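Here is what each chain is made of, one letter per residue.
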Amino acid sequence: RFTDRTFQINPHPTRHVADRASWEKRWYGDLVLSMLNEKFADGCYVFPLYKDERFEAEECMTRAEAVTYLNRFIEWVTEVYR
């Protein structure tokens with residue numbers, strides 16, 4: 001069962017993202033940084049970065065990446081909001 005908890009933006013994310021400066025001042029920057037900082041209960045990040053620690057927020061993604069992100073997001077929501 002899901003609760004009525006709402007998502008709170010983390011004002012001070014701690015995760016290092018190499019290309020953060022190129023998109024953090026945009027309208028979606030705070031939301032992306034806050035979600036990138038979320039972890040599963042086992043300590044793994046919900047949204048992985050590329051090997052060079054880049055998120056590439058404004059690049060196209062493949063269908064495989066989209067499915068991976070959606071699957072991991074569903075798992076995280078189920079874990080956090082149960």
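*Asks:* What is the right way to read the overall build of the chain from this model?
*Replies:* When you go through the chain residue by residue, the secondary structure sums to two helices and zero strands. Projected onto its principal axes, the C-alpha coordinates of the chain cover approximately 40 × 30 × 25 Å. Taking the intrachain contacts of the chain between residues at least 6 apart in sequence as the baseline, contacts between residues at least 24 apart amount to 62%. About 6300 Å² of surface is accessible on the chain, with carbon and sulfur atoms providing 54% of the total.

*Asks:* What exactly am I supposed to notice about helix α1 (residues 29-36) here?
*Replies:* Burial within α1 is extensive, with six of its eight residues counted as buried. Considered for burial, the residues of α1 that qualify are Gly29, Val32, Leu33, Ser34, Met35 and Leu36. If you follow the buried residues of α1, they end up packed against α2 (63-80).

Criteria and thresholds
- Residues numbered from 1 in each chain as written.
- Predicted model: local features only at pLDDT ≥ 70, side-chain atom pairs only at ≥ 80, totals over all residues.
- Heavy atoms only, no water.
- Helix = DSSP H or I, 4+ residues; strand = E, 2+ residues; numbered from the N terminus.
- Contact = heavy atoms within 4.5 Å.
- Areas by Shrake-Rupley, 256 points an atom, 1.4 Å probe, with all protein chains shown as cover.
- Buried < 20%, exposed > 50% of the residue type's maximum accessible area, 1.4 Å probe, protein only.

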